[in-house]
Amino acid sequence: AELREGYEHFDPRAYLRNNYLPPRADFSSEEFVVPWKLRCLAETFASGEIRGRTLIDVGSGPTIYQLLSACDHFEEIVATDYLAVNREELGRWARGEPGGFDWSPFIQHVCKIEGRGEPWQDKERRLRQRLRRILPIDVHRPEPLGAPLRPAADALLSAFCLEAVSPDRAAFVRALANVGNLLRPGGHAVLLGALGESFYLAGPARLPVVPLEESDVREALAAAGFALRELRSYAMPPALRTGVDDVDGVFFAHAQK
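Values in this document were obtained by computation on a predicted structure and should not be read as measured data.

Here we take up unusual backbone geometry. Residue P23 is bonded to the preceding P22 through a cis peptide linkage, with omega at 10°. Here P23 shows up in the loop between α2 (12-20) and α3 (33-46). The residue after R150, namely P151, is reached through a cis peptide bond having omega -15°. Among the secondary structure elements, P151 is positioned in the loop between β3 (131-136) and β4 (153-159). Unusually for a residue other than glycine, F160 sits at a positive phi of about 55°. Tracing the chain through its elements places F160 in the loop between β4 and α7 (169-180).

See below:
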């Protein structure tokens, strides 16, 4: 209940300013956090192993960067978020309405690292075409969407969601198992999340986070019925510790149900 109340004050634009503009979204070096996240995603999806009909993005927030490399490998992408303000922000981008957040530097960077010489506008258009549903979700329910996803998703992606909406590690594990119910057996899960973070700011909202270590991520995936395929981590450099959170680093995990 306390978490729900806190998220009533979540400001999507403030969250985007804090995390997806410079200094954190600096594309001049692979040493910065946003290029690191984009490269992890690009390399993982480039293998061609993670593909199918449907990808579900759990707790999309107001962001689409996490879907840029994935969108080439699925017929349909289902974005989800608990907050109506985030679903509205996603909808504005998907419809190409003016005044939305400018994701073009992210799309250009992903096209560059994927190295196919594709015009970035083509990738933007393709993601908009494949982002067909934006649904409400509650990861603390055994059926997070209120009913089973039909057919079950071939892959699941979630970035900076589960640890930020769980009051403790046990709730984090349960939430991971709940969203795993949306995935077919053998389906893949790709996760990005915070390490060592206890809070973050989004406008007037100061939101608690479960501080995780790499070992917590490994144990949670195993407990939720996933086999870990890869785990990478990134240490947040002093220059990117801007006071909008107390994050120590970022993890990237690829697992299979």
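We are not done yet, so read on.
Overall, the coordinates contain three cavities of 30 Å³ or more when judged by the stated rule. Quantified by volume, the largest cavity comes out at close to 230 Å³. For the largest cavity, the lining is made up of 17 residues, of which Y15, N19, R24, F160 and D245 are closest to its centre. Those elements that place two or more of their residues in the lining of the largest cavity are α2 and α3. In terms of residue class, the lining of the largest cavity is made up of eleven nonpolar, one polar and five charged.

Moving on: the sheet that holds β4. Pairing within the open sheet is mixed, and its seven strands lie in the order β3-β2-β1-β4-β5-β9-β8. Here the strands that pair on one side only, and so sit at the sheet edges, are β3 and β8 (227-235). For this sheet the average axis-to-axis angle between neighbouring strands, irrespective of direction, equals 15°. Sheet analysis places β4 next to strand β5 (residues 183-195), joined by six bridges and oriented parallel. Residue A155 lies in a different strand from β5, and its bridge partner there is H188. Along the sheet face, helix α6 (residues 120-130) touches β2 (74-81) and β3 and points at about 55° away from the line of β3.

Our next topic: the packing of aromatic side chains. The full count for this structure, using the stated rule, is 13 aromatic pairs. On the numbers, 5.2 Å between centres and 85° between planes, the contact of F27 with F106 is edge-to-face. Of this pair, F27 sits in the loop between α2 and α3 while F106 is found in helix α5 (residues 104-114), placing the two residues 79 residues apart along the sequence. Judged by relative accessible area, which is 23%, F27 ranks as partly exposed. Centre to centre, the rings of W36 and Y234 are 5.4 Å apart; their planes meet at 40°, and the pair counts as tilted. Taken together, the residues W36 in helix α3 and Y234 in strand β8 connect sequence positions 198 residues apart. Just as W36 is buried, Y234 falls in that class too. Grouping aromatic residues by their ring pairs yields a cluster made of Y7, F10, Y15, Y20, F27, Y65, F101, W103, F106 and Y200. Sitting above the plane of the W93 ring, R128 keeps its charged end 4.4 Å from the centroid. The ring of F199 carries R206 above its face, with NZ or CZ at 3.8 Å from the centroid.

Calculation notes
Residues numbered from 1 in each chain as written. Predicted model: local features only at pLDDT ≥ 70, side-chain atom pairs only at ≥ 80, totals over all residues. Heavy atoms only, no water. Helix = DSSP H or I, 4+ residues; strand = E, 2+ residues; numbered from the N terminus. 1 Å grid on protein atoms, 1.4 Å probe; cavity = no way out; pocket = protein on both sides within 12 Å on 5 of 7 lines; lining within 4 Å. Points joined across faces, edges and corners; volume = space filled by probe spheres on them. Nonpolar A, V, L, I, M, F, W, Y, C, P; charged D, E, K, R; others polar. Pairing = 2+ DSSP bridges. Axes fitted to C-alpha atoms, helices over the stretch in contact; angles between N-to-C directions. Contact = heavy atoms within 4.5 Å. Phe/Tyr/Trp six-rings, centres within 6.5 Å; stacked < 30°, edge-to-face > 60°. Buried < 20%, exposed > 50% of the residue type's maximum accessible area, 1.4 Å probe, protein only. Lys NZ or Arg CZ within 6 Å of the ring centre and 35° of its normal.

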